[in-house]
Amino acid sequence: MADERAKRIAERIAPLRVTPGSRVVLAKDFDPGYKADFVTKKDAVELLQQGVEVLSEYQERLAAQDTWGVLVVLQALDAAGKDGTIRHVTSGINPQGVSVHSFKVPSSEELDHDYLWRFAKNLPRRGEIGIFNRSYYEEVLVVRVHPENLTRQRLPKAARGRDVWKRRYRDINDWERYLGDNGFKIVKLFLNLSKEEQRTRFLRRIDLPDHNWKFSAADVHERGSWDAYQKAFSGMLSATSTEWAPWYVIPADHKWFARLCAAAVLANALFEIDPRFPKVTDEARKALRDTKVELEAEAPKGAASDPFADEGARTDKKARKKAARGARKATKRTNEAAATEADDG
Ligand code: ATP
Ligand code: MG
């Protein structure tokens, strides 16, 4: 069942994956308005809820296994919905198991180091899902579109030659490979927004008083460099989608669809890791049994020696019944979905 679900999700997100080695022209290859016809907005809410539950379950396993960490890299144009995506996708996850870092214009301390320094400092731990809201990819995006950012980095001459972007792509690919080899899986999401939808969202921020706080004149100014950004994004996607850390281009004109896709890509990564709860060793099990005997012997007069054992037996029975009911419902849903897909031809 879990394998079926993993297979279905992998198939659904396949069209969003940038094939390593391919040459991407964003405007031509990816439609920001795409919403797969297998899902309606109404279904998406329920599917996202199911996705959130899967993420919660797998994050718990990830933490228990304590071997792998996951880094989610989120890049987008302004108003593409990064914040809402993070909020929805992490909504069911134990807050102790997730970290979010936003990266802004580098501070003077950050500029005193190599450009990956501030990102390395904020990587997730094993067992954790870390989210970068903007990331080291800004180093081949905003820094490329506005080269004065590069001047501020005070690089030695050899490092700021014409091949600087190629070198940065190489640095990043190498760094991501190193992280992957050492137990950190990287999930890269680019929220792809259309120019027209961005215009509408900016106007909404102006027109709705309770959205005014989100409006930024600087964002509108950046919109003037739209073509340069599209080019920089295309270059980034072509050069840094690798087998070990592929990019997913998330259609972002429909927020509900973008959130569903983001959750699906993250779920897929967790399925690939397939974290397991650690096995209790025979020795540890014996220690548990010995301690149980000691605690039972301490029961005061009249009290059950292990109230939880009785309670546990009752709950177990209830849980088994509930699981059986859930399985019956899931089978019914799958059959109905198969029938609908068959009807749709
Ligand atoms: P929000 O607007 O939702 O709070 P945001 O990510 O847009 O989120 P801002 O403070 O508005 O946050 O913008 C951060 C700015 O920092 C962006 O314009 C981004 O391009 C810029 N930035 C990030 N990294 C770098 C970098 N390495 N060099 C220069 N500018 C950078
Ligand atoms: Mg902003």
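Residues numbered from 1 in each chain as written. Chains lettered and ligands numbered in written order. Predicted model: local features only at pLDDT ≥ 70, side-chain atom pairs only at ≥ 80, totals over all residues.

## Some words on helix 4 (residues 82–89)
For an α-helix, 3.6 residues make a turn, and residues three or four places apart therefore share a direction. Note the following rule: Counting other C-beta atoms within 10 Å of a residue's C-beta gives its exposure: the residue is buried at 20 or more, exposed at 12 or fewer, and partly exposed in between, where C-beta atoms are placed from the backbone. A run of DSSP states H or I qualifies as a helix once it reaches four residues; a run of E qualifies as a strand once it reaches two. Both are numbered from the N-terminal end. The reported arc concerns the directions from the helix axis to the C-beta atoms and nothing else. In this description, any two residues whose backbone-derived C-beta atoms lie within 7 Å of each other are considered to be in contact.
Along helix 4, the positions that sit buried rather than exposed are Lys82, Thr85, His88 and Val89. All buried residues of helix 4 project into a common sector of 135° when viewed along the axis, lining one side. In this structure, the buried side of helix 4 is in contact with helix 3 (41–65), strand 1 (69–76), strand 3 (129–133), strand 4 (184–192) and helix 13 (255–273).

## Details of the environment of Arg118
Structurally, Arg118 can be placed in helix 6 (residues 117–120). With 61 residues separating them along the chain, Arg118 and Glu57 place their C-alpha atoms 30 Å apart. Apart from residues no more than four positions distant in its own chain, Arg118 is found in contact with Phe103, Pro106 and Glu110.

## A look at unusual backbone geometry
Positioned with a positive phi, Ala79 is a non-glycine residue whose angle comes to about 70°. Inspection of the secondary structure assignment puts Ala79 in the loop between strand 1 and helix 4. Phi is positive for Arg154, close to 50°, though the residue is something other than glycine. With respect to the helices and strands, the residue Arg154 is situated in the loop between helix 8 (148–151) and helix 9 (164–181). In this structure Arg154 comes out as exposed when scored by C-beta crowding, with 9 C-beta atoms within 10 Å.

## Looking at the packing of helix 4 against helix 13
Helix packing geometry: the angle between the two helix axes and the distance between the axes. The cut-off we apply is this: For helices, the axis comes from a line fit to the C-alpha atoms of the stretch in contact; other axes are also lines fit to C-alpha atoms, and the angle between any two N-to-C directions lies between 0 and 180 degrees. Orientation labels follow simple angle bins: below 35 degrees gives roughly parallel, above 145 gives roughly antiparallel, 65 to 115 gives roughly perpendicular, and whatever is left gives oblique. Should the near helix be turned anticlockwise from the far one by less than a right angle, the crossing is termed left-handed; should it be turned clockwise, right-handed. Residues are sorted three ways: Asp, Glu, Lys and Arg are charged, Ala, Val, Leu, Ile, Met, Phe, Trp, Tyr, Cys and Pro are nonpolar, and all the rest, Gly among them, are polar.
One way to put it is that helix 4 packs onto helix 13 with a least axis distance of 9 Å and a crossing angle of 55°. Judged by the inter-axis angle, helix 4 sits oblique to helix 13. Note on packing geometry: the crossing formed by helix 4 with helix 13 is right-handed. Across from Gly84, Thr85, His88 and Val89 in helix 4, the residues of helix 13 making contact are Lys255, Ala258, Arg259, Ala262, Ala263 and Leu266. Classifying every residue of the contact of helix 4 with helix 13 by side-chain character gives 5 nonpolar, 3 polar and 2 charged.

These figures come from the coordinates and say nothing about function on their own.
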